[in-house]
Amino acid sequence: MPSSYNHPNARPHPRISIAPSAARPASPAAPSAWSPYAFELDSPTARDVNAEGDGRDMFLSPNTPLDPRLSVPARPRSRAASAYELDAAPVFPEARVYRLDAEEGLRRFQSGELPESDREWYRLVPPEAREALGKKEVHRQSVLFEIIKTEADYVDSLRLVSEVYIQPLVNSEPPIIPRERLRGFIKEVFYNLDEILAHHQRMLGDLFQRQREQHPLLQSISDIILDTCLLFQNEYETYIKHYPLSEGRHRSELRRNQEYDYFIRQASRDPKTYKRDLMDFISRPIIRLPRLKLLLEQVLKYTELDHPDQETIPLILGILTDFIKSTEPGIEAAEGKVKFWSLCESLVYFKGEIVDMDLYDESRSLIHQGTLARRQRTEVDWSGWNDLFVALLDNYLLLTKEELRNGTVRHLIMSRPIPLEYLRLGSFNSPPESRKERSEEGGILEALKPTYRSVYPFTVYHASSKSSRRYTLYADSEASRRKWHAALIDALAVRKARQEANMWYAPVTLDDGSFRVISPRIPYNSGTKFTGKVTAAASFVSMGRKYLAVGCATGIYLAPVAKAGTAGAFRKVLACFNPTSVVALQDFNQFIIHHESTLWSYSLDMIVRVSQGQASPQGLEASRQKVCGDKGNVVLFRVAIFNQRTIVFYAVRTLLLQTTLHTVEVVDPGVNITPRRHNPSVEALSFRPIYESLSIPKDTHDVTPLAKTLAVCTDKNILIYDPKTHAYGNLPVITLKQRCDAARPLGIIRCSSQELLVVYDDLGCYITRHGEPGRRAGFLRWETRATSFAYRGDHILLFSSQFVEIRDIHTGRLVQVIEGSDIRLVYTGYKRSDPILVVMRGTKDDAEGTSEKIVDLTPTAEIETPGQAPTLANREIWDEWDMI
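Cut-offs used in this document
- Residues numbered from 1 in each chain as written.
- Predicted model: local features only at pLDDT ≥ 70, side-chain atom pairs only at ≥ 80, totals over all residues.
- Heavy atoms only, no water.
- Helix = DSSP H or I, 4+ residues; strand = E, 2+ residues; numbered from the N terminus.
- Buried < 20%, exposed > 50% of the residue type's maximum accessible area, 1.4 Å probe, protein only.
- Contact = heavy atoms within 4.5 Å.
- Areas by Shrake-Rupley, 256 points an atom, 1.4 Å probe, with all protein chains shown as cover.
- Axes fitted to C-alpha atoms, helices over the stretch in contact; angles between N-to-C directions.
- Parallel < 35°, antiparallel > 145°, perpendicular 65-115°, else oblique.
- Nonpolar A, V, L, I, M, F, W, Y, C, P; charged D, E, K, R; others polar.
- Polar contact = N/O pair within 3.5 Å; in protein donor to acceptor, adjacent residues only side chain to side chain.
- pLDDT = per-residue confidence, 0-100.
- Pairing = 2+ DSSP bridges.
- Salt bridge = Lys/Arg side-chain N within 4 Å of Asp/Glu carboxyl O.
- Expected span 1.5 Å × (residues − 1).
- Core = buried A, V, L, I, M, F, W, Y, C linked by side-chain atoms within 4.5 Å.
- Phe/Tyr/Trp six-rings, centres within 6.5 Å; stacked < 30°, edge-to-face > 60°.
- Lys NZ or Arg CZ within 6 Å of the ring centre and 35° of its normal.

Of the regular secondary structure elements, the protein holds 16 helices and 38 strands. A buried classification covers 49% of the 884 residues belonging to the protein. A separation of at least 24 residues holds for 60% of the contacts in the protein among residues at least 6 apart in sequence. For the protein, the accessible surface area stands at approximately 43,300 Å², while carbon and sulfur atoms represent 50% of it.

Here it is in structure tokens:
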């Protein structure tokens, strides 16, 4: 016996004799030519079929044939002996009479012409041969044949996907799925099925080749399976983890596209599909590997101990077992994504309100969901209960109510989604309460014998609306309550970590401790001196160095700012008590101070020199200019670049309670400045009037320069003023204010050349450049009542006493929240490059008082990863889910 196994313990298979009385055919005619799948491994053409991706582009080039039939020789060509070659002598030396039938049966099996009842190993082998082999080997050969048969069925099923589903979808006229969505839909549902098919086409070709060479007694096919298992793991892992998304996308299309639903039902009636649904086909890769694993276990069970398969098959089983286990977390994650998408697709928002929860972000996920009860006390039912469907996303908590509409479950948002940045947890250990259950009989029986069940309460609330947005929810069991608590704790921690790592504006502390206010810790008569609250601040560069000017109750102080961002020692430069606001005009060497209802301007360079001890306070006083003259009490002022000029707008209120808006232009800083202490009524030479004065309402609190007009904000309205034509105009958007009676307009932001955002303290709304409500009169609701705002680039920053809320001005999306105590906006500058300075309660509280912390909100830049491979835009996937 030749050493055909290459194994030290290998032994030849016993010779098999056929009874002499066995019948012979009349004439052993030569077998006819055949062409089953044409996977001849020795043929270069057949060997390379699909090797360079043929069949992999079935989603992109649907007209490309997946498996072109190739003609092959009548008999396989001779090749080098394999590791599993039999002896040169035939297995059945006396059974030559059955060769014709065996070859013909095998040809018909491989070409798919054999009836299903005959597609078994024992049907293609003479009875005498089966009896001579023994029961154990017969079982082994039957299982090996079963592997090849199921592999052929598997390949046929994957090929039918393109023939029955993909090609008709691509070629349908009129289109079943709109052309703009078709490519994404096919990619999402069928994903990389073509790549998996290519692997199994090659493996089936190798199995058929081995079968033609060794039939009816296969020595082994484990080497072929092992080679393929080592190649297809990446493709299978990608497909299996994506499968829940494919299923969800398919079912979503069924729900909203009647033509697609009809197409699927018609396709299932195709005789080639045997009434199987599309999901049966695209789920085949999920079950193929476990089934292959079971068949290989059976082969191993019936394999002799000294056979090489005793070493190879356990290796394959280990690979398949580890691989199947490794895909389970990915499947769970994908199933969670499908649940999340289905929930988002079913949400019904409040009419007119614009809600952008950033659902397109690829990191969005559904953390936990379930039904919770809420007690609704009404005049009719004091102890009424409502069941809510509560969903915890990684960025919001949703309280919804399920409702069936036209056979589809919709989730009506019962309360505005709560961002996790504002979500706070209350009690989770309250004793259980009793909930009255409705009796099925109802009526008198329900009143006489009510039934109760225990429910377990816990409380969550909105940090900015602790009383009005406080929710007590009830879980069905203590275990459910604990699970909700754990999910909320984890979600809040992860959200906080992500926000801190991806801040749009980083709060950089410039100083914490130099400015103090009185503290309850300090006795009244302690003699401690306090600087008082910070009321104004400005950051500027003078003589090549950055400085921070701070105004408080005791005057104006100046300190240099180090490169690390912290301010040095402060020195008092001006005795201007409680300045309302300050602005530094670096380009004009001017420092404007709103103090005691008057506008004064000083030289920036002189202020710096005084802080460094290089000039006297008298020299600084000599540079002072009175900007507003003696026209009355200045109630507000703003600096802006308007019509390519630097303009100072200031409102003056007279004794007759008339309020007038004045505008002056800041002129060339090279103008010679002379002291005017003896004639303060003469206006400064560095500021000259440019537009005529304008009478404005006495309750005006802000002026916002737009492209060519001014927006004058009052407590009840916003007026538009054109300085050139001196014409007034009202914004019709005021009708939206009726949605919130207490809303107070704060100003206007220019989003684009065609759209403006009107900012109220409680909400915002978009208008066109003609003042008409935009976006179907939709409005944005802030999470906290704002007292002031600033904007930079694409973001609006809303300031309240406890939070800085940062939103995208184009979508209204909440992108960041900064929390503090006693927050006050003190400086925004007049250029987009100017810093935004805020003051909040500091971290120090000792014998010197409570500190005031000065913070610079510094915009950040995205960190780009070099060499990052381009990926499919996540928004495209969401477009396919019709989430816009």
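Having seen it, we continue.
Let us look at the packing of helix 6 (residues 193–214) against helix 7 (residues 222–256). The geometry of a pair of packed helices is captured by two quantities: the angle between their axes and the separation between those axes. Contact geometry of helix 6 with helix 7 gives a least axis separation of 9 Å together with a crossing angle of 170°. What the angle tells us is that helix 6 and helix 7 run roughly antiparallel. On the side of helix 6, the interface is formed by Leu-193, Glu-195, Ile-196, His-199, His-200, Met-203, Asp-206, Leu-207 and Arg-210, while helix 7 contributes Asp-223, Ile-224, Ile-225, Thr-228, Leu-231, Phe-232, Glu-235, Tyr-236 and Tyr-239. Of the residues belonging to the contact of helix 6 with helix 7, the class tally is 10 nonpolar, 3 polar and 5 charged.

Turning next to the side chain of Arg-284. Here Arg-284 shows up in helix 10 (residues 284–301). Polar contacts involving the side chain of Arg-284 include one to the side chain of Ser-157, which spans 2.9 Å. At a separation of 3.5 Å, a polar atom in the side chain of Arg-284 contacts the side chain of Asp-280. Residues within four places of Arg-284 in sequence aside, it is in contact with Tyr-154, Ser-157 and Arg-276.

A separate point is the confidence of the model for the protein. In regions of low pLDDT, the predicted coordinates are not meant to be interpreted in detail. A residue-level look at the protein finds 79% of positions with pLDDT of 70 or above and a mean pLDDT of 80. Confidence over residues 1–100 falls short of pLDDT 50; this stretch has 167 contacts with residues more than four positions distant or in other chains. Long-range and interchain partners of residues 867–884, a stretch whose pLDDT sits below 50, account for 38 contacts in this model, where long-range means more than four residues apart.

The next subject is the sheet that holds strand 31 (residues 779–781). The 4 strands are arranged 28-29-30-31 in an open sheet whose pairing can be described as antiparallel. Each end of this open sheet is capped by a strand with a single partner; those strands are strand 28 (745–750) and strand 31. The mean inter-strand angle of the sheet, taken between neighbouring strand axes irrespective of direction, is 20°. Where strand 29 (residues 755–760) and strand 30 (residues 763–768) come together, 5 bridges link them in antiparallel fashion. Each residue of the ladder has a partner; that of Leu-757, found in strand 30, is Tyr-766.

What follows concerns the pairing of strand 28. Counting buried residues along strand 28, 5 of its 6 residues qualify, which places the element largely inside the surrounding structure. Note: strand 28 against strand 29, 5 bridges, orientation antiparallel. Paired with Ile-749 across the two strands is Leu-757, which belongs to strand 29. The hairpin formed by strand 28 and strand 29 contains 4 residues between the paired strands.

As for its placement among the helices and strands, Glu-596 is situated in the loop between strand 16 (590–595) and strand 17 (598–603). On the accessibility criterion, Glu-596 (62% relative accessible area) is exposed. Sequence spacing of Glu-596 and Thr-580 is 16 residues, and the spatial spacing of their C-alpha atoms is 8.1 Å.

It is worth spelling out the pattern of salt bridges at this point. Where charged atoms from two side chains of opposite charge approach closely, those side chains can pair. According to the stated counting rule, one finds 55 salt bridges in the structure shown. Of the charged contacts, one joins Asp-394 and Arg-364 as a salt bridge, the two residues approaching to 2.8 Å between their closest N and O atoms. Of this pair, Asp-394 sits in the loop between strand 3 (384–393) and strand 4 (396–405) while Arg-364 is found in the loop between strand 1 (347–348) and strand 2 (366–376), placing the two residues 30 residues apart along the sequence. Taken together, the shared-partner salt bridges connect Asp-356, Asp-358, Arg-364, Asp-394, Arg-498 and Arg-813 into one network.

Between its first and last C-alpha, helix 6 extends 31 Å over 22 residues, near the 32 Å set by a 1.5 Å rise per residue. Counting buried positions along helix 6 yields 19 of 22 residues, so the element is predominantly enclosed.

Counting residues in each nonpolar core, the largest one holds 70 residues, and the members touching the most others are Tyr-165, Phe-190, Ile-225, Tyr-260 and Leu-296. No other element matches the 17 residues that helix 4 (residues 135–171) contributes to this core. In this structure, Tyr-557, Leu-558, Cys-576 and Val-582 belong to the second largest nonpolar core, which totals 55 residues.

With antiparallel pairing, 4 strands are arranged side by side in an open sheet as 10-38-37-36. Looking at strand neighbours, the two that pair on one side only are strand 10 (505–517) and strand 36 (824–827), the edges of this open sheet. Each adjacent strand pair in this sheet contributes to an overall mean axis angle of 40°, direction not counted.

Here the focus is the environment of Gly-747. Along the chain, Gly-747 falls in strand 28. Judged by its relative accessible area of 0%, Gly-747 falls in the buried class. Beyond its immediate stretch of four places on either side in the chain, Gly-747 contacts Thr-704, Cys-713, Ile-718, Leu-757, Val-758, Val-759 and Phe-789.

Here the residue pair Glu-173 and Pro-174 is connected by a cis peptide bond, since its omega of -5° sits within 30 degrees of zero. Along the polypeptide, Pro-174 turns up in the loop between helix 4 and helix 5 (179–190). The omega angle of the peptide bond from His-215 to Pro-216 is 10°, so this bond is cis rather than trans. Even without a glycine there, the phi angle at Tyr-191 is positive, about 45°. Residue placement: Tyr-191 occurs in the loop between helix 5 and helix 6. With a phi angle near 55°, Asn-589 is a residue other than glycine that sits in the positive phi range.

Another point: the pairing of strand 8 (residues 451–462). Sheet topology note: the strand 6 (residues 423–425)/strand 8 ladder contains 3 bridges and is antiparallel. Within the sheet, the bridge partner assigned to Arg-424 lies in strand 8 and is Tyr-461. As paired elements, strand 7 (residues 433–437) and strand 8 share 5 bridges and run antiparallel to each other. In the sheet register, Glu-433 faces strand 8, and the bridge partner there is Val-455. The antiparallel pairing of strand 8 with strand 9 (residues 465–475) creates a hairpin that spans 2 residues between the two strands.

A few words now on the packing of helix 5 against helix 7. At their nearest, the axes of helix 5 and helix 7 sit 7 Å apart, and the two run at 130° to each other. Compared by their axis directions, helix 5 and helix 7 come out oblique. Taking contact as the criterion, the partners of Arg-181, Phe-185, Glu-188, Val-189 and Phe-190 in helix 5 are, on helix 7, Tyr-239, His-242, Leu-245, Ser-246, Arg-249, His-250, Glu-253 and Arg-256. In terms of residue class, the contact of helix 5 with helix 7 is made up of 5 nonpolar, 3 polar and 5 charged.

What follows is about the packing of aromatic side chains. The tally for this structure, following the rule as stated, stands at 16 aromatic pairs. Taken together through their ring pairs, the aromatic side chains of Tyr-165, Phe-185, Tyr-260, Phe-263 and Phe-281 make up a single cluster. Above the ring of Tyr-191, the side-chain terminus of Lys-187 is found at 5.1 Å from the ring centroid. If you follow Arg-775 out to its NZ or CZ, it ends over the ring of Tyr-766, 3.7 Å from the centre.

Assignment of secondary structure puts Arg-424 in strand 6. Here the alpha-carbon distance between Arg-424 and Val-460, two residues 36 residues apart in the chain, equals 5.8 Å. A distance of 2.9 Å separates polar atoms of two side chains, one belonging to Arg-424 and the other to Glu-819.

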